[in-house]
Amino acid sequence: MQSPTPRLPRPPAATRAELDARLTVELVSVVAGARRRALRGGDRQIDTAHLLHSLIETDPEARALLGPGPLIARVLGYLAQRSIGYGLRWRGSVEDSGAVPLVPAAGDSASGWSPSAVAAMDGALERACSRGAVRVTGVDLLARLAADPDCRAVEVLRRAGVDTEWLGGRIELT
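Rules used in this analysis
- Residues numbered from 1 in each chain as written.
- Predicted model: local features only at pLDDT ≥ 70, side-chain atom pairs only at ≥ 80, totals over all residues.
- Heavy atoms only, no water.
- Helix = DSSP H or I, 4+ residues; strand = E, 2+ residues; numbered from the N terminus.
- Buried < 20%, exposed > 50% of the residue type's maximum accessible area, 1.4 Å probe, protein only.
- Axes fitted to C-alpha atoms, helices over the stretch in contact; angles between N-to-C directions.
- Parallel < 35°, antiparallel > 145°, perpendicular 65-115°, else oblique.
- Left-handed = near helix turned anticlockwise from the far one by under 90°.
- Contact = heavy atoms within 4.5 Å.
- Nonpolar A, V, L, I, M, F, W, Y, C, P; charged D, E, K, R; others polar.

*Asks:* Help me understand the environment of A80, please; the structure alone is not making it clear to me.
*Replies:* In this fold, A80 is placed in helix 5 (residues 69-83). The class of A80 is partly exposed, set by a relative accessible area of 32%. Spatially, the C-alpha atoms of A80 and H53 are 8.5 Å apart, while their sequence positions differ by 27 residues.

Written out as structure tokens, the structure reads:
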């Protein structure tokens, strides 16, 4: 039996700085951008598509791993469509790929993160630790997003023509 993935704290502002200290400057910017997208879109939670959109716009290393420019343009096109209506069927629902329990831990109900987004960030932290890194990078997050076949980010990637298994393999080679 595998041990459970360590959960990133979903704290009030007091320990947010501690979490931010584990992230690269680029990834802190990605999280802030995802939060802004969720708020601007009227979404209750940051989900994996918000993270992917912000990641592609903010982190050049993660963006480069997606492939050539036309493919990136298609992904961004789907993400933009999502923000103007494509994702309406997602609005009001909780993204949950089963990666973490849907029932929140005590004090975690107002985290503002979907269970799948929490799992992606937890997995990115775990990936960074496994490579001996002190900070979590955008590539760590992209690897975890691509590894969850049921998350919204992977749905967007697939619709844009990205082979997420190929992407995962490409990331592991870096």
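*Asks:* When you look at the packing of helix 3 (residues 48-58) against helix 7 (residues 138-147) in this model, what are you seeing that I'm missing?
*Replies:* Geometrically, a packed helix pair is captured by the angle between its two axes and the distance between the axes. The N-to-C vectors of helix 3 and helix 7 enclose an angle of 140°; their axes lie 11 Å apart at closest approach. Of the possible angle classes, the one that applies to helix 3 and helix 7 is oblique. Both helix 3 and helix 7 take part in a crossing whose hand is left-handed. Contact residues: T48, L51, L52 and L55 in helix 3; G138, L141, L142 and L145 in helix 7. A class-by-class count of the residues in the contact of helix 3 with helix 7 yields 6 nonpolar, 2 polar and no charged.

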